[in-house]
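Architecture at a glance
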Amino acid sequence: MSLVVDQDQLFSCSLCVEGLKEPVALPCGHSYCFGCIEGAWDQEAEEKSLSSCPQCGETFCPRPALRRNHMLAELVEKLRTPDVQRSSVSAAPLYAGPADVACDLCPESRRHKAVMSCLGCELSYCDTHLQPHYNVPAFKKHKLVPATRAARLHHSMCSRHHKPMEVFCRTDQQFICYLCAMDEHKGHDTVSAAAEMSHRQKQLGTSQQNLQQKIQERKKEVKELREVKETLKNSAEAAVEASEQMFSEMKASVDRRHSQVKDMIRQQEKTAVSQVEDVLRQLEEDIAQLERTHAELDQLSHTDDITHFIQSVQSASSSSGPPVLPSDVVSTLSSFTQLREDVSALRDDLDLVLNTPWTHTESPADVSHPAEPQTREELLQYSCPLSLDKNTVQENLVLSEENRKVTREQSPRQYLDHPKRFLLYRQVLCKEALTERCYLEVEWNEGEWVYIAVCYDDIDKHERFQSSFGFNSKSWCLRCLGDDCWFTHNGIDTKVTKPTSYTRDVNTYRLTSTRVGVFLDHKAGTLSFYSVGDNTTTLLHTVHTTFTHPLYAGIGLHGPSDYTTLKSLRSNYTKAVTHTAEVCKIW
């Protein structure tokens, strides 16, 4: 058994808790640093006349003279040499940290790290206190295991038999001792704990291989995605550079054309001004000549010589006419006017091209869209329940039937002020926003004037013309006026075929009506209007654009009659028998 020297414990000062410096020994036998004990006694002398040992409390009177302990000083000095320090560090036990298992026999203040745990003693030992288990015969039968936090001793011993739990019962999935295996676990599938560990290590290896394979697959996916990301960035950068170059070229072309037009105007101006100046000069010369002639005639009027008078009057009346302004000057003025018109038309064309939505800028998720439905049965699959918004209805319109019916009346209603309410035109919006695929139908009596529209929520509600469906950039409208139909957007009309009229008899009621279906695919930017019969649909007009905000269905009533009704679309379409008073409906 080798002696383990703990330098920190044996050769440290209890006052500064560091290695001894100039060690001195008191009469009681305890050793301190010379400076530490002198300082302690100096402080103690201010309170009382006696000096005492800080560890055992023995008092000394008078205060003893302290002398250097040469043997202890030499020993401390030798332990401070590198070779001795390395030997001491390698041999000295380590103190237990927060994550370590501490020795159960070490003092509480200086517990060393345990290296082994005994299942028989149910204690953990450091190297020093473990030695009896190697040397004492009574301890040699004890089971030693590495001391780790995972090896909980009270979990490693059978609480019933106080034996090590070295058997694993697969039937009950728990550790047991040999006595348990022969008793209540008799007949169960039992193996040694080491065998179970080996079996589970193999399973763990398989799991690790599977995880490793998944890790490799994920790394491959990450690599591919990074390559895609890099490709996207490079492609975008190339597109930006190309667009910058092309826009620079277009700007240079515009600037060059601008310079040419300006030079042409200035050249025409110079030529025309020169011609005008020539005419002005001739006119000024003619004026001077006429003034001279006028003076001569004034003198002639006072002469008495008849012959001279007649000859002079005859020569004065034979003067030439005034100069004429060249026709080129007039044509130059006309060309300036025409040039302004041409430049204005070029600007309008350029604005139209630049303001046209670029469908190829859509994200890849929006490129592919489902096919547009072709039959009425397919369209009705996208029917959506709508209700009219009472906050948008104009004062000459009245809502009823749970806001699914709107009636136009002559006398205005006193509605509360609301920023969404239409003020000038008899119009109303639906409350529900349309952001996906949606289908609705509008039915009205022949001869009525109906506006069927979809628009953004921030459409103007107050200004004349701008707040009318179709006469702004925020609404798309089919206007059915009498016998004619137009599709209108941003004030531009497109004539379309009138919806099919049909007649049907239901018992004693006769209804002649016109019905239009509206199909919206918001993501695809498609808006289609259909003429709807009993079981047929005929495409009237389709517009392709890019919708940037949610849309709202809208109805405008502009007919001459006093009573017009609209009903909102129901999600499940059914044929209805209606009275002639209900002349316009939305299904």
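The text that follows walks through the structure, step by step, so that each part is easy to find. Just so it is clear, the model here is predicted, and its values are computed rather than measured. (Residues numbered from 1 in each chain as written. Predicted model: local features only at pLDDT ≥ 70, side-chain atom pairs only at ≥ 80, totals over all residues. Heavy atoms only, no water.)

**Remarks on the overall build of the protein chain**
For the protein chain, the count of helices and strands is 11 helices and 25 strands. Sorting the 587 residues of the protein chain into buried and exposed places 31% on the buried side. Taking contacts inside the protein chain between residues at least 6 apart in sequence as the whole, the part at least 24 apart equals 54%. Roughly 37500 Å² of accessible area belongs to the protein chain as shown, and the carbon and sulfur atoms make up 54% of that amount. (Helix = DSSP H or I, 4+ residues; strand = E, 2+ residues; numbered from the N terminus. Buried < 20%, exposed > 50% of the residue type's maximum accessible area, 1.4 Å probe, protein only. Contact = heavy atoms within 4.5 Å. Areas by Shrake-Rupley, 256 points an atom, 1.4 Å probe, with all protein chains shown as cover.)

**So, the side chain of K461**
You can see K461 is positioned in the loop between β15 (449-456) and β16 (475-481). For the buried K461, no salt bridge exists, and the shortest N-O distance to an oppositely charged side chain is 4.9 Å, to D457. Engagement of the side chain of K461 in a polar contact is seen with the backbone oxygen of D457, the distance being 2.9 Å. Residues within four places of K461 in sequence aside, it is in contact with P419, K420, R421, F422, L423, L424, L429 and S467. (Lys, Arg positive; Asp, Glu negative; His and termini not counted. Salt bridge = Lys/Arg side-chain N within 4 Å of Asp/Glu carboxyl O. Polar contact = N/O pair within 3.5 Å; in protein donor to acceptor, adjacent residues only side chain to side chain.)

**Here we look at the pairing of strand β18 (residues 492-496)**
With 5 bridges joining them, strand β17 (residues 484-489) and β18 adopt antiparallel strand pairing. Paired with F487 across the two strands is T494, which belongs to β18. Where β17 hands over to β18, the hairpin turn is made up of 2 residues, of which N490 adopts a positive phi near 55°. (Pairing = 2+ DSSP bridges.)

**Quick look at the state of the cysteines**
All told, the structure shown has 1 disulfide when counted by the stated rule. Through a disulfide, C384 is tied to C438; the S-S separation comes to 1.9 Å. Here the residue C384 occupies a position in the loop between α11 (376-380) and β11 (397-400), and C438 occupies one in strand β14 (residues 437-445), the gap between them amounting to 54 residues. The pair C384 / C438 is uniform in exposure class, with both members buried. Of all cysteine sulfurs, the one in C53 lies closest to C28, which takes part in no disulfide; the gap is 3.5 Å. On the accessibility criterion, C28 (21% relative accessible area) is partly exposed. With no disulfide of its own, C455 lies 9.5 Å from the sulfur of C477, the closest cysteine sulfur. (Disulfide = S-S within 2.5 Å.)

**Here we look at the sheet that holds β17**
Strands in a sheet are paired, the pairing made by backbone hydrogen bonds, and the direction either parallel or antiparallel. Spatial strand order, β13-β23-β15-β16-β17-β18: 6 strands in an open sheet with antiparallel pairing. In this open sheet, the two edge strands, each paired with only one partner strand, are β13 (427-429) and β18. Across the sheet, the axes of successive neighbouring strands diverge by a mean angle of 20°, strand direction being ignored. Of the strand pairs in this sheet, β15 and strand β23 (residues 551-557) are connected by 7 bridges, and their pairing is antiparallel. Each bridged residue has a counterpart across the sheet, and for C455 the counterpart in β23 is Y552. (Axes fitted to C-alpha atoms, helices over the stretch in contact; angles between N-to-C directions.)

**Comments concerning the pairing of β11**
With 4 bridges joining them, β11 and strand β12 (residues 405-408) adopt antiparallel strand pairing. Its bridge partner lying in β12, L397 is registered against R408. Joining the antiparallel neighbours β11 and β12 is a turn of 4 residues, in which E401 adopts a positive phi near 50°.

**Points about helix α2 (residues 34-45)**
Taking 1.5 Å per residue, 12 residues should reach 16 Å; α2 reaches 16 Å between its end C-alpha atoms and fits that length. Buried residues of α2: I37, E38, W41 and E44, and no others. Looking down the long axis of α2, one finds its buried residues gathered within 125° of arc, a one-sided arrangement. Exposed side of α2, more than 90 degrees from the buried face: G35 and Q43 are the residues found there. Considering only its buried residues, α2 is in contact with β1 (23-25), β2 (31-33), β3 (51-52) and β4 (59-60). (Expected span 1.5 Å × (residues − 1). Arc of directions from axis to C-beta.)

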